[in-house]
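Residues per chain, in single letters:
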Amino acid sequence: MAVICVRFRLAPETEAALPALIATVEGITPLVQALPPDTALADVRGAHRYFGRDAGELAALVRLRALALHGVECAIGVGPTPLIARMAAREARTGATVTVTEDGLADYLARKPVAALPGVGAATARALCSYGLDSVDRVAAAPLGTLQRILGARAGREVRTRAHGIDPTPVTPNALARSIGAHRAFDRDEIDPFRHRRALLSLTGELGARLREEDQVCACLTLTVRYADRTTTTRTRRLPEATAHTTDLTTTAYALYEALGLQRARVRGLALRAEGLGPAERAAHQLTFDPADDRARRIEAAADRARARFGPDAIVPGTLAA
């Protein structure tokens, strides 16, 4: 497999340009997977044969078309698997390409800290580092049983597989159509956690209202935090059950934020994306004997009716009204 990962240089308020940029990449290959808010994965094996160019040359072609047609710069990673392409794209500067070949894969991974592996969060990295497994090559050399005792059976197996650069995940086209997103940009670099959480509450309220309006539910949330130096952190968490209930979305969004452990980070903006969309009529809801849950859902339905009649600002949480 030859995969390119394209990170477009988009501001949160220009996220709407992503579908047009995805269409531009689809001019090279139909196997394009959107990774909102600003990234695309493309399997270019067929394109290599069609255009008679290698993956690096196809990456240059994507960059040229994105800049010429949309005025958008990008950073690109090229690798034998989606995992390696995404890691390479993280390192690439805007306007540059980082290429990792099959032959150079072991050397590329050997010098990486374990936290550089996609899917290895702060808690997993701390657990591994506490046992001296602080680099990818050390994790790759560790016995599977050792990793499973530290992380659990499934997580240990997945981390070891990634440490060897193995990624069986296919590039899945049309992922953009199965998600919706929203963003909040701050007027200045914001370090106040209260304002961060306030923005998250506003985002989950907007996403919940849109999901209910379209009779859809989502299975997971992805939070992207943009910092003052233009770097980003992205985390995804699956919901306990597919839902459009704002309270459940807010609980998960807050958990994603708290897991980042931000300490006076200068945040430029927050983006939240509801993914794994499906029709609400097919969603299962775990019944409870808690009258508060039923009351909250009835209040939410009444608020939706009021907003539909009097506008989106007719009813807002007290925290946002201040």
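Residues numbered from 1 in each chain as written. Predicted model: local features only at pLDDT ≥ 70, side-chain atom pairs only at ≥ 80, totals over all residues. Heavy atoms only, no water.

Caption draft 1: The overall build of the protein chain, seen in detail. If you tally the helices and strands in the protein chain, you get 13 helices and ten strands. Looking at the 322 residues of the protein chain, the share that counts as buried comes to 42%. Across the protein chain, every contact between residues at least 6 apart in sequence was considered, and the portion connecting residues at least 24 apart equals 64%. (Helix = DSSP H or I, 4+ residues; strand = E, 2+ residues; numbered from the N terminus. Buried < 20%, exposed > 50% of the residue type's maximum accessible area, 1.4 Å probe, protein only. Contact = heavy atoms within 4.5 Å.)

Caption draft 2: Just unusual backbone geometry, in detail. In this model, Asp 215 sits at a positive phi of 55 degrees, which is unusual for a non-glycine residue. If you trace the backbone, Asp 215 turns up in the loop between helix H10 (193–213) and strand E7 (216–227). Judged by relative accessible area, which is 53%, Asp 215 ranks as exposed. In this structure, Arg 264 is a non-glycine residue whose phi angle is positive, near 55 degrees. Here Arg 264 shows up in the loop between helix H11 (246–260) and strand E9 (267–275). Judged by its relative accessible area of 67%, Arg 264 falls in the exposed class.

Caption draft 3: Local environment of the pattern of salt bridges. Evaluated as defined, the whole model comprises eleven salt bridges. Between Arg 226 and Asp 38 there is a salt bridge, with its nearest N and O atoms 3.4 Å apart. Taken together, the residues Arg 226 in strand E7 and Asp 38 in the loop between strand E2 (32–35) and strand E3 (39–43) connect sequence positions 188 residues apart. Just as Arg 226 is buried, Asp 38 falls in that class too. Connected via shared salt-bridge partners are Arg 184, Glu 206 and Arg 210. (Salt bridge = Lys/Arg side-chain N within 4 Å of Asp/Glu carboxyl O.)

Caption draft 4: Region of interest: the packing of aromatic side chains. Tallied over the full model, the rule gives one aromatic pair. Ring centres of Tyr 50 and Phe 51 lie 5.1 Å apart, and the angle between their planes is 80 degrees; on these two criteria the pair is classed as edge-to-face. Here Phe 51 falls in the partly exposed class, since its relative accessible area comes to 25%. (Phe/Tyr/Trp six-rings, centres within 6.5 Å; stacked < 30°, edge-to-face > 60°.)

Caption draft 5: Structural view of helix H3 (residues 55–70). Counted at 1.5 Å a residue, the expected span for H3 with its 16 residues is 22 Å, and the 22 Å between its end C-alpha atoms agrees. If you check which residues of H3 are buried, you get Ala 55, Leu 58, Ala 59, Leu 61, Val 62, Arg 63 and Ala 66. For H3, the elements touching its buried residues are strand E1 (3–8), helix H1 (18–26), helix H2 (45–51), strand E4 (74–79) and strand E5 (97–99). N-capping of H3 is provided by Asp 54, with a side-chain oxygen placed 3.2 Å from the backbone N of Gly 56. After H3 finishes, the residue Gly 71 shows a positive phi value of roughly 65 degrees. (Expected span 1.5 Å × (residues − 1). Polar contact = N/O pair within 3.5 Å; in protein donor to acceptor, adjacent residues only side chain to side chain.)

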